[in-house]
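Listed below are the residues making up each chain.
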Amino acid sequence: MNKPTLDKTPTMDQPNTDVIQGTLDMLILKTLSLEPMHGFGIARRIEQISRGVFKVNPGSLLTAFQRLERLGWLDSEWSQTDNSRRAKFYSLTRLGKKHLDVQTAQWNRRASAIARLLKAVS
Amino acid sequence: MSLWRQISRGLRTLKNRTAADRDVADEVRHYLDEATDHFIAQGLSPDSARRAARIELGSQTAVHEQVCGYGWENAVETFSADLRCALRRLRQKPGFAATSLLTLALGIGATTSIFSVIDGVLLKPLPYSEPAQLVAIAHTAPGLNMKEIGMTASLYVTYSEQSRVFQDVAMWSTDTASITDLGAPEELPALLVTNRLLSILRVQPEAGRSFSPWDDDPRSQRTVILSDAYWKSRFGGDRSVIGRRIMVDHTAREIVGVLPPSFRFMDREAALVIPLRFNRNDVDLINFSYRGIARLKPGATLTEANTDVARMLPIASARFPMKAGPGANMFAEARLGPLVQPLKDVLIGDVGNTLWVLMATVGIVLLIACANVANLLLVRAEGRRQELAIRVALGAGRGRIVRELLLESVLLSLAGGIFGLLLTFGVLRILVSSELPHLPRIHDISPDPLVVAFALATSLGTGLLFGLIPALKYARPQLSNTLTNGGRSFSQNKAQSRTRGLLVIVQVALALVLLVGSGLMLRTFQALRHVDAGFSSPHEIETLRISIPSAQIEYNDERALRMEEAILRNIERINGVSAVGITNTIPLEAGSNDSVYIEGQNFAAGSTPPIRRYKAISPGYLAAMGSHLIAGRDVTWTETYNQTPVALVSENMAHELWRDSRAALGKRIRLTPDEEWRQIVGVVADLRDDGVERAAPSIVYWPLLQKHSGRAEPFVHGGPPRSAHRTLAFIIRTPRAGTLTLLQDLRRAVAAVNPSLPVADVDTLESIYDRSLARTTFTMVLLAIAGAMAFLLGVVGIYGVISYAVSQRTREIGIRLALGAPLHDLTRMFLRYGLLLSGIGAAFGLTAAFVLSRLMKAVLYEVSPIDPLTYGAMSTALILAGALASYLPARRAARVDPAQTLRAE
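Conventions used here
Residues numbered from 1 in each chain as written. Chains lettered and ligands numbered in written order. Predicted model: local features only at pLDDT ≥ 70, side-chain atom pairs only at ≥ 80, totals over all residues. Heavy atoms only, no water. Helix = DSSP H or I, 4+ residues; strand = E, 2+ residues; numbered from the N terminus. Rg over C-alpha atoms; globule rule 2.2 N^0.38 Å. Buried < 20%, exposed > 50% of the residue type's maximum accessible area, 1.4 Å probe, protein only. Contact = heavy atoms within 4.5 Å. Areas by Shrake-Rupley, 256 points an atom, 1.4 Å probe, with all protein chains shown as cover. Lys, Arg positive; Asp, Glu negative; His and termini not counted. Charge placed at Lys NZ, Arg CZ, Asp CG, Glu CD. pLDDT = per-residue confidence, 0-100. Domains from an automatic or database assignment. Salt bridge = Lys/Arg side-chain N within 4 Å of Asp/Glu carboxyl O. Core = buried A, V, L, I, M, F, W, Y, C linked by side-chain atoms within 4.5 Å. Pairing = 2+ DSSP bridges. Buried area = accessible area lost by both parts, 1.4 Å probe. Polar contact = N/O pair within 3.5 Å; in protein donor to acceptor, adjacent residues only side chain to side chain. Nonpolar A, V, L, I, M, F, W, Y, C, P; charged D, E, K, R; others polar. Axes fitted to C-alpha atoms, helices over the stretch in contact; angles between N-to-C directions. Parallel < 35°, antiparallel > 145°, perpendicular 65-115°, else oblique. Left-handed = near helix turned anticlockwise from the far one by under 90°. Phe/Tyr/Trp six-rings, centres within 6.5 Å; stacked < 30°, edge-to-face > 60°. Lys NZ or Arg CZ within 6 Å of the ring centre and 35° of its normal.

Across its full length, chain B carries 30 helices and 23 strands. Relative to a compact globule of 905 residues, whose C-alpha radius of gyration would be 29 Å, chain B shows 39 Å and is clearly more extended. For the C-alpha atoms alone, the extent of chain B along its principal axes is close to 135 × 80 × 55 Å. Looking at chain B residue by residue over its 905 residues, the buried ones come to 53%. Counted over contacts in chain B with a minimum sequence separation of 6, partners at least 24 positions apart contribute 81%. Surface accessibility of chain B: about 39,800 Å² in total, with carbon and sulfur atoms responsible for 58%. Positive and negative side-chain charges in chain B, numbering 96 and 82 respectively, have mean positions lying 7 Å apart.

In structure tokens:
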């Protein structure tokens, strides 16, 4: 029976268009490495750049912000958007930048390894 | 850094939940607004844009919950909410809470108490520095038929000079000493030691100095060290006593030091510590009545110590050759071997058996208590069945529900544990101050952190144990059944009553195990008390000890005897005294042994015959003790003074050597081959001198005054060493035994002959006898209490189950009655159920008792661990009680009004 996840830590076990947790962290960090943004903006940017392949679940996204902030990779502050709305803006910390670099390098290594494997097999 | 953030953010949220929630709500709302704008920008109308945005976001509440749910502070909040809830629920049912608390407090308290005893006696290391290095030195003597003999001076000298494995060696013994120049003469326990003993124990005196090698030399000034207690009580803790002289056993000794108050050695109370002196060039190989102690070099093992001692034994024999004569080859013939053991093991002895039996007993009681509380919890959980089902339907995780139910049980058990711990402190205080069970190392028993940790662990363990049973049962979502019927369908009742039935079976089984155990102990106790110990009416026998300092009588045995006879005559004249006798050792206390030659039995030259117990007695001793004279007669005073060579033997010795008591009369025995033969003039009934549960040793009775040729003293294997005084015990038969007035009369009788003789160790033989049985009595009492508690809990358990079954099945009963079932049938139905539970429980219990009672063998006496009488009686009693406990609630079934039950729902 599929229970609604009221008192469990969020996992993202929904069908394929969604992202797994580690990758989501990396995408958020990458997006914020360019400039500080608010939640919706980050979601849009990720959708845009991945050309619709990655569609982020808002609940998971906002929870991820909590997590990354507590890990010390993001800072947050409330300020005004362009259309004078009050929004929570996130920015990358130095620690976050370091982590992003490490994750990116790891990802690239893995991706090229898989690419080689696929090429070899076919 | 991130750890700090985790903690600070969590704390901030805990402090102000509403602010944090508002924060998240704002963010979610903002997301929604931005999404709406995005869709408007794509060309939708504001309303459809809003709807699209809502669809993309999903349920706002769900997202809000998801984001707020992250963070450790949620777990804390949940936990504290659960805790408050559990406390509130417990407060609502004070009866249940109180009963469970009491049961658990008793169970945990009993278990923790026994554990602290085990901790203090068996587990804790001895209270000396580096106690693992301390060993007791003794020897085996298979050639003399003795499993263990002590140390002698020559061996001590050899070991201390030649050992490769011992850092330090010392020899010790206990004795009494009389102090005569400080007011009324008193007799005090004393420790005789060679000079290194205090250093071996790393004991520093709190005043003055310790012993030095010079103190052991017979040429030096005589010295003595006081115990702290004696120093405080006698001298008021005055430091100027150091250097003062006191008269100890009529010899002047200089006080050179005072021991610290914490000093304790081998459970012996000592007021004085006196150096053991001998001339190193003059030591003999004969007197083995001392005990040896040593400290191993760091890293040395016990095996190495034993090997070293074995190596040194022939060295000793070569260095201190025996003078020609009997026993010259004693060493070789005795085939002395090493027996080096850890000091702690020697001190503890065999008390471990008793303690572990008691631990198992209280453990079983605790299990029964847990089963009881588990049953109570099951009933409670049953009442919450609907609530739990609804919660599961709403999405509560199974873990959450289990956690909540467990919290309640753990709270109960922890509270029970705290009360149990308080109970333990009280029990320990009583135990240590009353010295009831005569345990070794009783002063080492104290509540320490290990005991507290044990109580905590036991509480948690029991809480989890009895909490998991209902928790696992009720966290399972059997939704459809519960929610529709209001939880009263038939199949369910079967399932949960099965669990309760199972718990009761366990209770009954465990109760039977304990009942069998206490039954066996009861029979052991009875058997021991019925043993003919060799004396009669011990409550009418008074014993006391007198030591005559050898200096006073100028080492003349006959003068001592005249003094003793005068005292005896005085005592005879006391009102109410029917018989008086004198002996060297009181029964049931340490005895003296020696080898005895039998005329007609040839022993190879130089070899020694078997060792026998010997007692020196006066005329009147047998009458005073109430020992039967099986054949022949008692000794007379004339014979004693004339040193006529007569003797008596015990019945078992007569049977062993001459097959018949009568045949023993007229036969001759002697102590040494060059003595004259003594004629046996009487045979005495066996005396259980080593303790009631041990076989009676074969005993030879000599008159008090004996001629010993050749040697300065007989071979002494055990018993007090040759000391500065002649110690004798008086046995007095009078109905006034134990009274204060008798004591005063006795003191007067002694003082009339010699005013400076202290009267010591006044006791009735009955108390000595009771003390020897103390451990068995203690075990029996505890087991009986545990058995009674278990019995009660078991019976209450059965009653509870049947009673509950009746109340749950009233509808069914009503239907049956309406359909015409006779009343008796219904009563019988429940009665049968109760008997079934008791019967199965008893069957399991008997099997378990069969297996487990073998472990009790060491503490039983003349009762088989599978004694059918005990087993039969206990199971019958339990089943009958179970039947009664089932019958009472079963009768209630008959009073059910069918009309009412069918109407009610």
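Alright, that's what it looks like, and here's the rest.
This part is about the overall build of chain A. Along the backbone of chain A there are 4 helices and 3 strands. Reading the secondary structure of chain A in the N-to-C direction produces α-β-α-α-β-β-α. Here chain A, with 122 residues, has 40% of them falling under the buried criterion. Here the analysis covers contacts within chain A between residues at least 6 apart in sequence; of these, 49% occur between residues at least 24 apart. Of the accessible surface of chain A, which amounts to about 7,600 Å², a share of 55% is contributed by carbon and sulfur atoms.

Our next topic: the confidence of the model for chain B. All names here are of chain B. Looking at chain B, the pLDDT average stands at 84 and 91% of residues meet or exceed 70. Per-element confidence in chain B is highest for strand E10 (residues 291–296), whose mean pLDDT is 94, and lowest for helix H17 (residues 479–485), whose mean pLDDT is 58. Note that residues 708–723 has pLDDT below 50 and, in this model, 43 contacts with residues that lie over four places away or in other chains. At the level of chain-chain contacts, confidence expressed as ipTM amounts to 0.82, with global pTM at 0.77.

Now for the domain arrangement of chain B. If you check the domain split of chain B, you get domain 1 (3–78), domain 2 (153–283 + 287–321), domain 3 (351–530 + 774–903) and domain 4 (549–756). Computed over C-alpha atoms only, the centres of domain 2 of chain B and domain 4 of chain B are separated by 30 Å.

As a further point, take the pattern of salt bridges. All names here are of chain B. On inspection of all chains with the given rule, the structure shows 52 salt bridges over all chains. A salt bridge links Asp-168 to Arg-196, with the nearest nitrogen and oxygen atoms 2.8 Å apart. Separated by 28 residues along the polypeptide, Asp-168 in strand E3 (residues 166–179) and Arg-196 in the loop between strand E4 (186–193) and helix H8 (197–200) bring together distant segments of the chain. One salt bridge in this structure joins Arg-380 and Glu-408, with 2.7 Å as the shortest N-O distance.

Let us look at the nonpolar core. Residue and element names in this part refer to chain B. Ile-368, Leu-514, Met-521, Ile-813, Phe-830 and Met-856 are the most contacted members of the largest nonpolar core, which has 47 residues in total. Looking at this core, the elements that each hand over two or more residues are helix H13 (351–383), helix H18 (490–530), helix H26 (774–808), helix H27 (810–818), helix H28 (823–852) and helix H29 (868–894). Looking at this core element by element, the count peaks at 13 residues for H18. When residues no more than four places from it in sequence are discounted, the contact partners of Met-521 are Thr-776, Thr-779, Met-780, Leu-783, Met-856, Val-859 and Leu-860.

We now examine the environment of Ala-374 of chain B. Residues and elements named next belong to chain B. Within the fold, Ala-374 resides in helix H13. Owing to a relative accessible area of 0%, Ala-374 belongs among the buried residues under this scheme. On a C-alpha basis, the gap between Ala-374 and Thr-303 in space is 51 Å, while along the polypeptide they are 71 residues apart. Ala-374 has contacts with Phe-466, Ile-469 and Leu-503, leaving out every residue within four places of it along the chain.

Glancing now at the sheet that holds strand E2 (residues 74–80) of chain A. Taken together, 3 strands build an open sheet; the order of strands is E1-E3-E2 (chain A) and the sheet is antiparallel. The open sheet has two edge strands with one neighbour each: strand E1 (37–38) and E2 of chain A.

Okay, the interface of chain A and chain B next. Chain A puts 32 residues into the contact, and the matching count from chain B is 31 residues. When chain A packs against chain B, the two sides together hide about 3,000 Å² of surface, and 54% of this comes from carbon and sulfur. It is Phe-40, Leu-62 and Arg-70 of chain A in chain A that bury the most area against chain B; as a group they hold 28% of the surface buried on that side. In this structure, the salt-bridge partner of Glu-34 of chain B is Arg-85 of chain A, at a minimum N-O distance of 3.6 Å. Put simply, chain A and chain B have 10 residue pairs in polar contact (both at pLDDT 80 or more) between them. Elements that contribute at least two residues to the side of chain A that touches chain B include exactly helix H2 (39–49), helix H3 (58–71), E2 and strand E3 (86–92) of chain A. It is H3 of chain A that provides the largest number of residues to the side of chain A that touches chain B, a total of 12 residues. Here the residues of the side of chain A that touches chain B sort into 13 nonpolar, 9 polar and 10 charged.

Residue and element names in this part refer to chain B. Two elements in contact, helix H6 (residues 94–123) and H13, have axes whose closest approach is 9 Å; the angle formed by their N-to-C orientations is 160 degrees. Classified by the angle between their axes, H6 and H13 sit roughly antiparallel to one another. In this structure, H6 crosses over H13, and the sense of that crossing is left-handed. Of the residues that constitute the contact of H6 with H13, the class distribution is 21 nonpolar, 5 polar and 1 charged.

To continue, consider the confidence of the model for chain A. Residues and elements named next belong to chain A. Of the residues in chain A, 82% reach a pLDDT of 70 or more, and the chain-wide mean stands at 80. No element of chain A has a lower mean pLDDT than helix H1 (residues 21–34), at 86, and none a higher one than E3, at 92. The model gives residues 1–18 a pLDDT under 50, and that stretch makes 19 contacts with residues more than four places away or in other chains.

Residues and elements named next belong to chain B. Judged by which residues are buried, strand E7 (residues 245–248) turns out to be one-sided: Ile-246 and Val-248 face inward and are buried, whereas Arg-245 and Met-247, on the alternate face, are not. Alignment of E7 against strand E8 (residues 251–258), held across 4 bridges, turns out to be antiparallel. Within E8, the position partnered with Met-247 by the bridge is Ala-252. Between E7 and E8, which follow one another and run antiparallel, lie 2 residues, and Asp-249 among them has a positive phi close to 50 degrees.

This part covers the packing of aromatic side chains. One pass over the full model with this rule turns up 8 aromatic pairs over all chains. Note on Trp-172 of chain B and Phe-265 of chain B: the rings are 4.8 Å apart at their centroids and 75 degrees apart in plane angle, and the pair reads as edge-to-face. Of this pair, Trp-172 of chain B sits in strand E3 while Phe-265 of chain B sits in the loop between E8 and strand E9 (272–275), placing them 93 residues apart in sequence. Each member of the pair Trp-172 of chain B and Phe-265 of chain B is classed as buried. Taking 6.2 Å as the distance between ring centres and 90 degrees as the angle between the ring planes, the aromatic pair formed by Phe-535 of chain B and Tyr-769 of chain B counts as edge-to-face. Separated by 234 residues along the polypeptide, Phe-535 of chain B in the loop between H18 and strand E12 (541–549) and Tyr-769 of chain B in helix H25 (residues 765–772) bring together distant segments of the chain. Owing to a relative accessible area of 7%, Tyr-769 of chain B belongs among the buried residues under this scheme. The side chain of Arg-86 of chain A reaches across the aromatic face of Trp-78 of chain A, ending 4.2 Å from its centre.

A separate point is unusual backbone geometry. All names here are of chain B. In this structure, Asp-267 is a non-glycine residue whose phi angle is positive, near 60 degrees. Tracing the sequence through the fold places Asp-267 in the loop between E8 and E9. When its relative accessible area of 32% is taken as the criterion, Asp-267 is described as partly exposed.

What follows is about the packing of H13 of chain B against helix H16 (residues 449–474) of chain B. All names here are of chain B. At their nearest, the axes of H13 and H16 sit 9 Å apart, and the two run at 35 degrees to each other. In terms of crossing hand, the pair formed by H13 and H16 is right-handed. Packed against H13, whose contacting residues are Met-359, Leu-366, Leu-367, Cys-370, Val-373, Ala-374, Leu-377, Leu-378, Ala-381 and Glu-382, the element H16 presents Phe-454, Thr-458, Thr-462, Leu-465, Phe-466, Ile-469, Pro-470, Lys-473 and Tyr-474 at the interface. Here the contact of H13 with H16 is composed, by residue class, of 15 nonpolar, 2 polar and 2 charged.

Here we take up the environment of Val-596 of chain B. Residue and element names in this part refer to chain B. The residue Val-596 is located in the loop between strand E14 (592–595) and strand E15 (597–598) in this model. The exposure class assigned to Val-596 is buried, which follows from its relative accessible area of 3%. Sequence spacing of Val-596 and Arg-613 is 17 residues, and the spatial spacing of their C-alpha atoms is 9.3 Å. Setting aside chain neighbours within four positions, we find Val-596 in contact with Pro-609, Pro-610, Arg-612, Met-653, Ile-669, Arg-670 and Val-700.

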